[in-house]
Amino acid sequence: MAPTDETAQTASPPSAPSAHTPQSQLGRMPRWLPRALVLALALYACFQLGSWAFHQLIGLLVNILIAFFLALAVEPVVSRMAARGMRRGLATFLVFLGVFITGAGFVVLLGSMLAGQIIEMIEEFPRYIDSVIKWINLTFHTDLSRVEIQESVLRSDWLRKYVESSAGGVLDVSATVLGGLFKLLTIGLFSFYFAADGPRLRRAVCSVLPPAKQTEVLRAWEIAVNKTGGYLYSRGLMALVSGVAHYVLLVILGVPYAPALAVWVGVVSQFIPTIGTYLAGALPMLIAFTVNPLYALYVLAFVVIYQQFENYVLQPKLTSKTVDIHPAVAFGSVVAGTALLGAVGALIAIPAVATLQAFLGAYVKRYAVTDDPRVHGHRRGHGGQVLARVRWALRRRTEQAPPPGEDDV
């Protein structure tokens, strides 16, 4: 039986486009393709614009971040003063005024010490030059004089080039100083508003969140306040201990300006993480060198020994009660913060990581740890194994013994 036309048409494979198909339909662009191209170009332009704006505002964002952590640090004091009936704005102003007076006093004290020491070193510089020239003449049998050396230095080309480059760099130094003052003013202004309007800021954030999220945000905010305040509290205690220890050493050695140098070491060593102790110890070493070169070695040895004492004894005891973060985690957070934001990141890395760790700790489910020597870090000794076997034998013998009165039946 021959198949019908309908069966043959159904079974036949799809044929190629007919020669009578219009050429315009074969090369027509899909309708969705222009819209997709326009959307992709728009998204790329928005990404480029956002990236450009972010790079332009990165300095302002970093200043706001510093101001936020500074406001968190003074939040407990401001809240305590406000709870006693003082207006929150006035309390914030008094706290910042105290911080400003303390910082200005430290800078003035240190500046006067450095100015006096620099003047003294300049006055004693010819004597140092004469002693060096005398040692060179006696050692190498030369006939040098300070006058000839001064004339050769003054007539040298490198000194003229150095003076010209220094004169051209005065404007750069002035611009850097003005930029630093503007950054300090920006940070102070934002931190004042964050601390004074803390409740209003929290209300504004919570007003756009559901009630369950509001509780979490307020809890995270409270943890951040506690951890930041605890971090600064622990750093302040360590700065006090470091300053007192270095003050005793400098007094014993007879180094001038011992109080100012002790304050310098205490502040710089604690609020510049990782390398702060060595950076702070450079200035006392320089001053001690002017008294006796051997004293500079004494100061260096004391700085190294005290750094080990602080890292392994003092800091773990203080941070375990205030920040509660492992020293290895603290060091890693400082390295990561430095890589991301430089010195600012190193300063705020520890309180930020401590806040994140405390906040996430409430959402991690914990279980009882099994009694395994691989977990607790020790193994039972031979005496413990013998005692365990004796207990097991006594328990088995007790289980196999007949009940009382069974032999009398």
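Parameters and conventions
Residues numbered from 1 in each chain as written. Predicted model: local features only at pLDDT ≥ 70, side-chain atom pairs only at ≥ 80, totals over all residues. Heavy atoms only, no water. Phe/Tyr/Trp six-rings, centres within 6.5 Å; stacked < 30°, edge-to-face > 60°. Helix = DSSP H or I, 4+ residues; strand = E, 2+ residues; numbered from the N terminus. Buried < 20%, exposed > 50% of the residue type's maximum accessible area, 1.4 Å probe, protein only. 1 Å grid on protein atoms, 1.4 Å probe; cavity = no way out; pocket = protein on both sides within 12 Å on 5 of 7 lines; lining within 4 Å. Points joined across faces, edges and corners; volume = space filled by probe spheres on them. Nonpolar A, V, L, I, M, F, W, Y, C, P; charged D, E, K, R; others polar. Salt bridge = Lys/Arg side-chain N within 4 Å of Asp/Glu carboxyl O. pLDDT = per-residue confidence, 0-100. Contact = heavy atoms within 4.5 Å. Core = buried A, V, L, I, M, F, W, Y, C linked by side-chain atoms within 4.5 Å. Axes fitted to C-alpha atoms, helices over the stretch in contact; angles between N-to-C directions. Left-handed = near helix turned anticlockwise from the far one by under 90°.

A separate point is the packing of aromatic side chains. Evaluation of the coordinates by the stated rule reveals 10 aromatic pairs. Both rings, one in Phe96 and one in Phe192, keep their centres 6.2 Å apart while their planes meet at 70°; by these two values the pair is edge-to-face. Placement of Phe96 in helix H4 (residues 88–140) and of Phe192 in helix H7 (residues 170–196) is noted, with a sequence separation of 96 residues between them. Overall, the relative accessible area of 16% leaves Phe96 in the buried class. The class of Phe192 is partly exposed, set by a relative accessible area of 25%.

This brings us to empty space enclosed by the protein. Unoccupied space between atoms shows up once a probe the size of one water molecule is rolled over them. Per the stated rule, a full pass over the model turns up 1 cavity of 30 Å³ or more. When its volume is computed, the largest cavity comes out at roughly 40 Å³. Along its surface, the largest cavity is lined by Phe68, Ala71, Leu72, Glu75, Phe194, Gly198, Leu201 and Trp221. Among the secondary structure elements, those contributing two or more residues to the lining of the largest cavity are helix H3 (32–83) and helix H8 (198–206). Sort the elements by how many residues they give to the lining of the largest cavity and H3 lands first, with 4 residues. Considered class by class, the residues forming the lining of the largest cavity number 6 nonpolar, 1 polar and 1 charged.

This next bit is on the pattern of salt bridges. Evaluation of the coordinates by the stated rule reveals 2 salt bridges. Residues Glu75 and Arg88 are paired through a salt bridge, measuring 2.7 Å at the closest nitrogen-oxygen approach. On the criterion of sequence distance, the pair formed by Glu75 in helix H3 and Arg88 in helix H4 is long-range, its members being 13 residues apart. Across the pair, exposure class does not vary: Glu75 and Arg88 are buried alike. Via salt bridges that share partners, Glu75, Arg88 and Arg202 belong to a single interconnected network.

Residues shown with low pLDDT carry predicted positions that ought not to be read at fine detail. For the protein, per-residue confidence averages 77 on the pLDDT scale, and residues scoring 70 or more make up 74% of the total. Looking over the protein, one finds the lowest element-wise mean pLDDT in helix H1 (residues 5–11), namely 48, and the highest in H3, namely 89. Contacts from residues 6–11, a stretch scored under 50 in pLDDT, to residues over four places away or in other chains number 0 contacts. Within the model, the stretch residues 404–409 combines pLDDT values under 50 with 0 contacts to residues more than four positions away or in other chains.

Counting 17 residues, the largest nonpolar core has Leu250, Val255, Leu261, Trp264, Leu283 and Val299 as the members making the most contacts within it. Among the secondary structure elements, those contributing two or more residues to this core are H4, helix H9 (211–253), helix H10 (258–271), helix H11 (276–291) and helix H12 (293–322). For this core, the leading source of residues is H10, giving 5 residues.

Now for the packing of H9 against H10. Two numbers describe how H9 lies on H10: the axes approach to 7 Å, and their chain directions differ by 145°. For the pair H9 and H10, the crossing hand works out as right-handed. Contacts from Leu232, Arg235, Gly236, Met238, Ala239, Ser242, Gly243, His246, Tyr247, Leu250 and Val251 in H9 reach Ala258, Pro259, Leu261, Ala262, Val265, Gly266, Val267, Ser269, Gln270 and Phe271 in H10. Its residues assigned to classes, the contact of H9 with H10 comprises 13 nonpolar, 7 polar and 1 charged.

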